[in-house]
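Architecture and fold: a report
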Amino acid sequence: MDTPTRTDPPYVPIRATRWPVRKTPRWAWLVGAVLVIAAVLVGLAHKPTHSQLASDLKGYLADMRTGTESCAGGVSESMTALHGIGTGAGAVSRAQDTIQIAHTGAANCEPANSQPIDDLSQYQVSESLAGFHLDTVVNDLVFWCSPYAVRVQDDVANVAGATQPAARQQAEAALSRDTAILNAERAKIDKILLHAIHATGATAQLPRLPG
């Protein structure tokens, strides 16, 4: 018998992958490179000059002084009143005045009672000054006001109102401790600000923070 002729379709090998991989066209690489170069040039063009940094820092320091001056003034007045009580005629009246001054000053250091301090708590540092960590200073200034300056002025009122030696000694110890904390916070603030001033050459005053 003759072997029948096979009519199977020709063999076609199966592709290794379902879809062909398309190469990224050369023009796409060129466009990407141009965009990267443009971004770099824009960044360089917007880099602030030394004089611009000094000007921005001067404005920042002015804002910090405005935000804290009312609270700082209260601390100074409270301390002055306490040291002026003395003894003898009028001491009781001066002590009462000191208590009133200290309580008023403490209230003025609370963000809830002071619009400048409340504004300070929401202050946004200019992007040009980002490298000087001045956002930390803003937070530290708010803490300097409340709770630290509040505690110091409450202590002043307690010292002025103490009528017994033991109570006065306890109040004076608290005032000494809280004043040391207040001054330590000021030292942290001044260190960062002085670094920024020296780096930019700005001619500006630091916030006045008595203690």
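Right above here is the structure, for reference.
Described in the following lines is the structure provided in the data block. Owing to the predicted nature of the structure, the values given are computational and were not obtained by experimental measurement. Residue positions are counted from 1 within each chain, in the order its sequence is given. A pLDDT threshold of at least 70 governs which residues receive local features in this predicted model, and a stricter bar of 80 or more applies before side-chain atom pairs are shown or counted, although totals over entire chains, interfaces and linings include all residues. With hydrogens and water stripped out, all remaining heavy atoms of the structure feed into the side-chain values.

Focus on the layout of surface pockets
When its volume is computed, the largest pocket comes out at roughly 190 Å³. Contributing to the lining of the largest pocket are 14 residues, with Ile85, Ala95, Ala160, Ala162 and Arg168 lying nearest its centre. Numbered from the N terminus, helices here are DSSP runs of H or I no shorter than four residues, and strands are runs of E no shorter than two. Breaking the lining of the largest pocket down by element, the ones donating at least two residues are helix 3 (91-108) and helix 5 (134-161). Of the residues forming the lining of the largest pocket, the biggest block, five residues, is contributed by helix 3. As a working rule, the residues Ala, Val, Leu, Ile, Met, Phe, Trp, Tyr, Cys and Pro are called nonpolar, Asp, Glu, Lys and Arg charged, and the rest polar, with Gly in that last group. Looking at side-chain class alone, the lining of the largest pocket contains eight nonpolar, five polar and one charged residues. Here a cavity denotes a set of grid points, spaced 1 Å apart and computed over the protein atoms alone, in which a 1.4 Å probe fits but from which it cannot get out, and a pocket denotes an open set meeting protein on both sides within 12 Å along at least five of seven lines; residues with an atom within 4 Å of a point are reported as lining. Grid points are joined across faces, edges and corners, and a volume is the space filled by probe spheres set on the points.

Brief notes about helix 6 (residues 165-200)
Taking 1.5 Å per residue, 36 residues should reach 52 Å; helix 6 reaches 52 Å between its end C-alpha atoms and fits that length. With its phi angle positive at about 75 degrees, Gly201 sits one or two positions after the end of helix 6. Expected helix span is given by 1.5 Å per residue-to-residue step, counting one fewer step than there are residues.

So, the state of the cysteines
Note on terminology: disulfide describes a covalent bond linking the sulfur atoms of two cysteines. Cysteine sulfur atoms are paired as a disulfide whenever they come within 2.5 Å of each other. Within the structure shown, the criterion is met by one disulfide. The partner cysteine of Cys71 in its disulfide is Cys109, sulfur to sulfur 2.0 Å. Across the S-S bond linking Cys71 and Cys109, the dihedral sits near 100 degrees, which makes this disulfide right-handed. Highlighted residues: Cys71 in helix 2 (residues 50-83) and Cys109 in the loop between helix 3 and helix 4 (115-121), separated in sequence by 38 residues. Buried residues are those whose accessible area, probed at 1.4 Å on protein chains only, stays under 20% of the maximum for their type, while exposed residues exceed 50% and partly exposed ones sit between those limits. Given the relative accessible area of 0%, Cys71 is considered buried. Distance from the sulfur of Cys145, which forms no disulfide, to the nearest cysteine sulfur (Cys71) is 3.8 Å.

A short note on the side chain of Thr179
Its place among the elements puts Thr179 in helix 6. Under the relative-accessibility criterion, Thr179 is labelled buried at 13%. The contact rule is simple, with two residues in contact once any of their heavy atoms fall within 4.5 Å. Leave out the neighbours within four places in its chain, and Thr179 touches Met79, Val152 and Gly211.

Here's the deal with unusual backbone geometry
Following Ser146, the chain continues to Pro147 via a peptide bond in cis, the omega torsion being 25 degrees. Position of Pro147 relative to the elements: it lies in helix 5. One non-glycine residue with positive phi stands out, namely His133, at about 60 degrees. Here His133 shows up in the loop between helix 4 and helix 5.

Observations concerning the nonpolar core
By size, the foremost hydrophobic cluster in this structure holds 46 residues, and its most contacted members are Leu57, Tyr60, Leu134 and Trp144. Looking at this core, the elements with two or more residues in it are helix 2, helix 3, helix 4, helix 5 and helix 6. Take this core: its biggest share by element is 15 residues, from helix 5. If near-sequence neighbours (up to four positions away) are discounted, Tyr60 is found in contact with Tyr123, Val125, Leu129, Leu134, Val137, Val138 and Leu193. By nonpolar core is meant a set of buried Ala, Val, Leu, Ile, Met, Phe, Trp, Tyr and Cys residues that side-chain atoms within 4.5 Å join together.

Observations concerning the pattern of salt bridges
Salt bridge, as applied in this entry: a Lys or Arg side-chain nitrogen positioned within 4 Å of an Asp or Glu carboxyl oxygen. If you walk through the whole model with that rule in mind, you get three salt bridges. Arg168 is the partner of Glu172 in a salt bridge, and the nearest nitrogen-oxygen pair spans 3.1 Å. Residue Glu172 and its partner Arg168 are located together in helix 6, separated by four residues, close to a single helical turn. We note a salt bridge from Arg177 to Asp178, for which the minimum N-O separation is 3.6 Å. Among the residues examined, Asp178 registers a relative accessible area of 7% and is labelled buried.

Concerning the side chain of Ser146
Among the secondary structure elements, Ser146 is positioned in helix 5. Beyond its immediate chain neighbours, meaning those up to four positions away, Ser146 contacts Cys109, Glu110 and Pro111.

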